[in-house]
Amino acid sequence: DGENCSSTLPPQSYLRIAISDTGIGIEQENINKLFQPFVQIDSALNRQYAGTGLGLALVKRLVQLHGGQVGVSSELGVGSCFTIDLPYIATDFSALASVVQPQLYIEPQELEQGGAPLILLVEDNEANLSTISNYLRAKGYLVVVAKNGEEAISCVQSENPDLILMDIQMPGMDGLEAIQHIRNNLNYVDVPIIALTALAMTGDRDRCLAAGANDYLTKPVKLKQLVMSMQQLLVSRSR
């Protein structure tokens, strides 16, 4: 199952990522075991190295799903070389040189009128916070974050965002209460708010809309769908 580093590829452009080490190495007879799920070279109960035997099997499957392949060569006591070959289509990067790349992060005080939309992301889960904020920044949006309802209300007042992404399940003041507080201020009644919830229950959408949200999406959020909803609300507001 483990292809060799020097394996022949079909006539297509491939990007090769190679990772080599100077570790203990692998005996040739054991190389095929590397890519079998739940199989480890050393299966003794008192083995020195931990693991489930899934890592390389998952890597190989993911690479194959992208049309690539994984290779390995190793010498016992010398080290190993793992490679990933992924197909790609050559792009004329000179044509992209004039395109202005979105700034990954900008401090709120640096914003100017007429610039990119400022999004307030209210989320207490670090993984979700990182995933959504990085995606939006890569799309050219400016992002400020708050991790609970109280912070959200404070950020709305200090940063005047163009749109708010509001997580509903949060400790302390939840998203519904935060939305209601924001809507009670006449200065922010027209700011678009998209409610995000991981625990979708019957009636959640109606409760979010009744509290003042403009749209409602369930987690895990499809990022393209999220941006489409954001664009529609931002365009509607600008008219």
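Residues numbered from 1 in each chain as written. Predicted model: local features only at pLDDT ≥ 70, side-chain atom pairs only at ≥ 80, totals over all residues. Heavy atoms only, no water.

## A closer look at the sheet that holds strand β3 (residues 79-87)
- Strands sit in the order β1-β3-β2 across an open sheet of three strands; the sheet is antiparallel. Both outer strands of the open sheet, β1 (14-20) and β2 (69-75), are each paired with one neighbouring strand and no more. For this sheet the average axis-to-axis angle between neighbouring strands, irrespective of direction, equals 15°.
- With seven bridges joining them, β2 and β3 adopt antiparallel strand pairing. Each residue of the ladder has a partner; that of Ser-74, found in β3, is Ser-80.
- Here helix α1 (residues 55-65) sits on the sheet and contacts β2 and β3; the angle it forms with β3, its principal contact strand, is near 25°. (Pairing = 2+ DSSP bridges. Helix = DSSP H or I, 4+ residues; strand = E, 2+ residues; numbered from the N terminus. Axes fitted to C-alpha atoms, helices over the stretch in contact; angles between N-to-C directions. Contact = heavy atoms within 4.5 Å.)

## Here's the deal with the sheet that holds strand β5 (residues 142-146)
- The strand order across the open sheet built from five strands is β5-β4-β6-β7-β8, with neighbouring strands paired in parallel fashion. Edge positions in the sheet fall to β5 and β8 (215-218), since each of these pairs with one other strand and no more. With direction set aside, neighbouring strand axes in the sheet form an average angle of 20°.
- Where helix α3 (residues 149-159) meets the sheet, it contacts β4 (118-122), β5 and β6 (163-167), and its direction lies at approximately 170° from that of β4.

## Notes on the pairing of β3
- Across seven bridges, the pairing between β1 and β3 is antiparallel. Counted as the bridge partner of Tyr-14 is Pro-87 from β3.
- Count of turn residues in the β2/β3 antiparallel hairpin: three residues, of which Gly-77 carries a positive phi of about 80°.

## Focus: the environment of Tyr-135
- The topology assignment puts Tyr-135 in helix α2 (residues 126-138).
- Once the C-alpha coordinates of Tyr-135 and Val-227 are considered, the two residues, 92 residues apart in sequence, prove to be 9.5 Å apart.
- Setting aside anything within four residues of it in sequence, one finds Tyr-135 in contact with Leu-223, Lys-224 and Val-227.

## Details of the pattern of salt bridges
- Tallied over the entire structure, the rule returns six salt bridges.
- When salt bridges with common partners are traced through the structure, they connect Glu-123, Asp-167 and Lys-219 into a single cluster. (Salt bridge = Lys/Arg side-chain N within 4 Å of Asp/Glu carboxyl O.)

## A closer look at the confidence of the model for the protein chain
- With 77% of its residues at a pLDDT of 70 or more, the protein chain shows a mean pLDDT of 80.
- Within the model, the stretch residues 97-113 combines pLDDT values under 50 with 14 contacts to residues more than four positions away or in other chains. (pLDDT = per-residue confidence, 0-100.)

## Let's talk about unusual backbone geometry
- The amide bond that connects Lys-219 to the next residue, Pro-220, takes the cis arrangement and shows omega of -5°.
- Turning to its location among the elements, Pro-220 is positioned in the loop between β8 and α6 (223-238).
- At Asn-160, a position not held by glycine, the phi torsion is positive, near 50°.
- Position of Asn-160 relative to the elements: it lies in the loop between α3 and β6.
- Judged by its relative accessible area of 47%, Asn-160 is partly exposed. (Buried < 20%, exposed > 50% of the residue type's maximum accessible area, 1.4 Å probe, protein only.)

## Section: the nonpolar core
- The biggest cluster of nonpolar side chains holds 26 residues, and the ones touching the most others in it are Leu-120, Val-122, Ile-164, Met-166, Ile-179, Ile-182 and Ile-193.
- Those elements giving two or more residues to this core turn out to be β4, β5, α3, β6, α4 (175-183), β7 (193-197) and α5 (204-211).
- The dominant element in this core, judged by the number of residues it contributes, is α3, at four residues.
- Among all residues touching Leu-120, those that are not within four sequence positions of it are Val-144, Val-145, Ala-146, Ala-152, Cys-155, Val-156, Pro-161, Leu-163, Ile-164 and Leu-165.
- Residues Leu-129, Tyr-135, Leu-136 and Met-230 belong to the second largest nonpolar core, which totals 19 residues. (Core = buried A, V, L, I, M, F, W, Y, C linked by side-chain atoms within 4.5 Å.)

## Some words on the packing of α4 against α5
- Axis separation between α4 and α5 bottoms out at 8 Å; the angle between their running directions is 25°. Relative to α5, α4 is oriented roughly parallel. Within the contact between the two elements, α4 uses Leu-176, Ile-179, Gln-180 and Arg-183 and α5 uses Arg-207, Cys-208 and Ala-211.
- Here the contact of α4 with α5 is built from residues that sort into four nonpolar, one polar and two charged. (Parallel < 35°, antiparallel > 145°, perpendicular 65-115°, else oblique. Nonpolar A, V, L, I, M, F, W, Y, C, P; charged D, E, K, R; others polar.)

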